[in-house]
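# A look at the structure
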Amino acid sequence: MANPVPILLMVRELNLGGTERQLAEMAKALDRSRFAPHVGCFRPSGLRGDELRAAGVPIVQFHVPSMASIRGAFEIARYVRDRGIRLVHTFDTPANLYGVSAARMAGTAVVVSSQRVDRCLWPGAVRHALRITDHLVDGVVVNCEYLRRQLRDNEKVPAGLIHLCYNGIDTGVFHARRGERPAALRGASLVIGAVCALRPEKDLATLLEAFASVHDCAPGMKLAVVGSGPCLADLEDRARRLGIMPQCFFEPATPHVADWLRAIDIFVLPSLSEALSNALMEAMSCGCCAVASRVGGNPELITDGETGMLFEARDVAGLAEVLRKLLCDTALRSALASRGVRKIQEQFTLAAAAQRMSAIYAKLLPEH
């Protein structure tokens with residue numbers, strides 16, 4: 001049997017975050033008889049780093065104090081050559097911008113980048129730099145059909161260069177077996193919630209406004225917002241102005257995501273922009289009735305009226321109408337949640353993602 005192929009997966013840091021989780025899970029799930037994964041990063045401390053070390057995955061820190069630094073580029077190229085790395089896969093935008101050219105400089109490995117977020121979120125200079133990397137790689141992995149179309153139609157990336165690998169989640173962790181709610185939510189008759197980074201593109205203001213319209217539909221109902229980010233103060237101020245602060249609970253970002261999701265009855269993702277949302281997948285897998293804006297990859301996860309409900313982004317009245325419907329129809333809420341669980345279990349498991357990524361790597365390394 002041939003020796004496993006050494007590959008290097010790269011990301012900026014190894015702490016909390018959807019991309020960081022996907023990289024760590026992929027490194028652990030790949031078939032070790034075929035691939036020997038190494039993980040490279042600029043900041044090695046954090047939860048994902050601990051998980052990878054426990055799984056025996058080598059972690060290397062490249063010293064990249066800024067995108068203008070060249071020291072880290074030579075470190076990456078030297079590591080690729082010295083360790084016989086056959087394929088380098090960058091997972092996030094900082095790694096794309098810095099790691100692709102450095103890996104190409106090594107001259108010995110297949111180079112693959114990732115597009116896991118809508119490029120419209122980045123300023124023009126970053127988008128221009130990403131377009132340069134599109135011409136340096138042997139493939140670009142996207143996590144939803146929406147991004148495949150965006151790269152092909154808007155960024156003019158050749159279709160043959162783009163490979164689709166949906167995110168996968170660990171259904172052993174994200175499951176629907178519910179227990180007692182966290183202390184802050186105990187006694188709530190029903191919980192509407194969101195788990196995400198508190199950034200402008202998540203548009204949680206729309207959720208707060210819609211909740212203010214429906215909070216009296218079910219006495220004892222609460223709104224839980226789990227996450228950290230620059231919008232926290234504004235969201236808390238808005239909740240106070242709307243008069244709903246007593247019904248709201250804000251929990252900072254936590255590694256215990258699954259426990260919070262299992263405490264939520266109706267999960268809402270009101271984003272203005274999404275690719276394939278890990279949070280939405282995890283919520284569905286945990287048995288939440290999922291509601292999301294009709295943007296990006298959300299419709300690839302939610303078939304409206306079958307595995308959840310969709311509404312138009314920024315449409316407060318539309319979201320409020322969806323919430324009223326779900327609050328008044330317990331059977332519908334339960335049916336949507338059950339079908340959502342089934343869809344994740346059938347199509348978006350970690351095993352399925354690892355199998356698909358392995359096929360992409362094998363295609364780019366045909367001699368193996």
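Residues numbered from 1 in each chain as written. Predicted model: local features only at pLDDT ≥ 70, side-chain atom pairs only at ≥ 80, totals over all residues. Heavy atoms only, no water.

## Things to note about the side chain of Asp-265
Examined against the element boundaries, Asp-265 turns out to sit in the loop between α9 (257–261) and β11 (266–269). A distance of 3.3 Å separates a polar atom in the side chain of Asp-265 from a polar atom in the side chain of Arg-181. Residues contacting Asp-265, with those up to four places away along its chain left out, are Arg-178, Arg-181, Leu-190, Val-191, Cys-288 and Cys-289. (Helix = DSSP H or I, 4+ residues; strand = E, 2+ residues; numbered from the N terminus. Polar contact = N/O pair within 3.5 Å; in protein donor to acceptor, adjacent residues only side chain to side chain. Contact = heavy atoms within 4.5 Å.)

## Section: the layout of surface pockets
Approximately 1,300 Å³ is the volume attributed to the largest pocket. Around the largest pocket, the lining comprises 45 residues; the ones closest to its centre are Gly-17, Gly-18, Thr-19, Ala-197 and Arg-199. Looking at the lining of the largest pocket, the elements that each hand over two or more residues are β1 (5–13), α1 (18–29), α4 (93–106), β5 (110–115) and α10 (278–285). When residues of the lining of the largest pocket are assigned to their parent elements, the largest contribution, 4 residues, is made by α1. For the lining of the largest pocket, the residue count by class is 17 nonpolar, 16 polar and 12 charged. For the second largest pocket, the calculated volume is near 220 Å³. Secondary-structure elements contributing two or more residues to the lining of the second largest pocket are α1, α2 (47–54) and α9. Among the residues forming the lining of the second largest pocket, the class breakdown is 7 nonpolar, 1 polar and 6 charged. (1 Å grid on protein atoms, 1.4 Å probe; cavity = no way out; pocket = protein on both sides within 12 Å on 5 of 7 lines; lining within 4 Å. Points joined across faces, edges and corners; volume = space filled by probe spheres on them. Nonpolar A, V, L, I, M, F, W, Y, C, P; charged D, E, K, R; others polar.)

## Quick notes on unusual backbone geometry
Although it is not a glycine, Lys-156 sits at a positive phi angle of roughly 60°. With respect to the helices and strands, the residue Lys-156 is situated in the loop between α6 (145–154) and β7 (162–164). Even without being glycine, Asp-203 reaches a positive phi, approximately 50°. By secondary structure assignment, the location of Asp-203 is in the loop between β8 (191–195) and α7 (204–214). The exposure class assigned to Asp-203 is buried, which follows from its relative accessible area of 12%. (Buried < 20%, exposed > 50% of the residue type's maximum accessible area, 1.4 Å probe, protein only.)

## Comments concerning α7
Counting buried residues along α7, 8 of its 11 residues qualify, which places the element largely inside the surrounding structure. Among the residues making up α7, those that are buried are Leu-204, Ala-205, Thr-206, Leu-207, Leu-208, Ala-210, Phe-211 and Val-214.

## Examining the environment of Cys-144
Mapped onto the secondary structure, Cys-144 falls in the loop between β6 (139–142) and α6. As for Cys-144 and Glu-300, which are separated by 156 residues in sequence, their C-alpha atoms are 7.6 Å apart. In this structure, Cys-144 is in contact with Leu-164, Tyr-166, Ala-275, Leu-276, Gly-297 and Glu-300, ignoring residues within four places of it in sequence.

## Examining the packing of helix α12 (residues 316–328) against helix α13 (residues 330–347)
In the contact formed by α12 and α13, the axes pass within 5 Å of each other and the chain directions differ by 105°. One finds that α12 runs roughly perpendicular with respect to α13. Note on element contacts: α13 touches α12 through Thr-330, Leu-332, Arg-333 and Leu-336, opposite Lys-325, Leu-326, Leu-327 and Cys-328. (Axes fitted to C-alpha atoms, helices over the stretch in contact; angles between N-to-C directions. Parallel < 35°, antiparallel > 145°, perpendicular 65-115°, else oblique.)

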